[in-house]
Amino acid sequence: MMYDSEIWGYARVSSKKQNLDRQLEQLRAYGIEERHILTEKQSCKDFERPAFLSLVGTDEVAASMRAGDTLVICSLDRLGRNYSEVQQWWQYITKELCCDIVVLDLPMLNTNNGEGNLDIRFVSDLVLQIISYVAEKERKEIHERQRQGIEVAKEKGVKFGRKKIKKPEDFDE
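For the structure given in this document, a descriptive report is provided here. Residues take numbers from 1 onward in each chain, read along the sequence in its written order. Thresholds applied to this predicted model are a pLDDT of at least 70 for local features of residues and 80 or more for the giving and counting of side-chain atom pairs; totals over whole chains, interfaces and linings are not thresholded and use all residues. Values reported for side chains reflect all heavy atoms of the structure, with hydrogen atoms and water molecules removed beforehand.

## Let's talk about unusual backbone geometry
Here is step 1 of the chain: Phi angles above zero are rare outside glycine, and Cys98 is one such case at about 60°.
Here is step 2 of the chain: Going along the chain from the N terminus, every DSSP run of H or I of four or more residues is numbered as a helix, and every run of E of two or more is numbered as a strand. On the secondary structure map, Cys98 appears in the loop between helix H4 (83-96) and strand S4 (100-103).
Here is step 3 of the chain: Look at Cys98 and you get partly exposed, because its relative accessible area is 44%. For every residue, the accessible area (1.4 Å probe, protein chains only) is compared with the maximum for its type, and the residue is labelled buried under 20%, exposed over 50%, or partly exposed between those bounds.

Quick look at the structure:
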């Protein structure tokens, strides 16, 4: 029985307050069926993301993607911002699962561009390393700026967290 390859879309934002619409529109415009678009509102600090893991599989869950399928992402940082993990997952998807990856805003990375062409693969691998390095560095810089901002705010007396409330007199009862 022949298997028709599928095209999968993956969209991610870092927090529940952020909006996925821009990425969803790009994935639909690429021609991906709605049922093959997976989304997450979760940080990219690691790859412990249920929708992503359902695509590539885990020890407990079989991968939705099969050999010959294509994973489409809008940009590399939607996949992740951890340099070594991006590299590892990229290799796993392309070599172990035998799937292609398409990065809409950086077509040079698309693995379906240069099958068998060593020069194209070499340049793509270099670009992948540079972009994933920059993404992780940016994530670390964001955290450092955030830490510095919190520190300055605390020095100015800003209180973080919920405001304390007075307990009712009969609270313990």
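Additional details are given in the paragraphs that follow.
## Topic: the sheet that holds S4
Here is step 1 of the chain: Any two strands are treated as partners once DSSP identifies two or more bridges connecting them. Ordered by their spatial adjacency, 4 strands build an open sheet running S2-S1-S3-S4, and the pairing between neighbours is parallel. In this open sheet, the two edge strands, each paired with only one partner strand, are strand S2 (37-41) and S4. Recorded for the sheet is a direction-independent mean angle of 20° between the axes of neighbouring strands.
Here is step 2 of the chain: Strand direction decides the pairing type here: strand S1 (residues 7-13) and S2, joined by 5 bridges, are parallel. If you follow Gly9 over to S2, its bridge partner there is Ile37.
Here is step 3 of the chain: Seen against the sheet, helix H1 (residues 21-30) touches S1, S2, strand S3 (70-73) and S4 and runs at an angle of roughly 170° to S1. Think of each axis as a best-fit line through the C-alpha atoms, taken over the contacting stretch in the case of a helix, with angles from 0 to 180 degrees between the N-to-C directions. Contact between two residues is taken to exist if any of their heavy atoms lie within 4.5 Å; hydrogens are not considered.

## A few points about the nonpolar core
Here is step 1 of the chain: Within the largest apolar cluster, 25 residues are counted, with the highest numbers of intra-cluster contacts made by Phe52 and Ile93.
Here is step 2 of the chain: Looking at this core, the elements that each hand over two or more residues are S1, helix H2 (50-56), S3, helix H3 (76-79), H4, S4 and helix H5 (118-155).
Here is step 3 of the chain: The greatest single-element share of this core, amounting to 5 residues, is contributed by H2.
Here is step 4 of the chain: Among residues more than four places away in sequence, those in contact with Phe52 are Tyr10, Glu40, Phe47, Leu79, Trp89 and Ile93.
Here is step 5 of the chain: In this structure, Leu24, Leu27, Ile37 and Val72 belong to the second largest nonpolar core, which totals 10 residues. Nine residue types can take part in a nonpolar core, namely buried Ala, Val, Leu, Ile, Met, Phe, Trp, Tyr and Cys, and a core is a set of them joined through side-chain atoms within 4.5 Å.

## A word on the pairing of S3
Here is step 1 of the chain: Burial along S3 is two-sided: Thr70 and Val72 facing one way and Leu71 and Ile73 facing the other are all buried.
Here is step 2 of the chain: Strand direction decides the pairing type here: S1 and S3, joined by 4 bridges, are parallel. Residue pairing across strands places Tyr10 opposite Ile73, the latter belonging to S3.
Here is step 3 of the chain: Sheet analysis places S3 next to S4, joined by 4 bridges and oriented parallel. Pairing of Thr70 across the sheet is with Asp100, part of S4.

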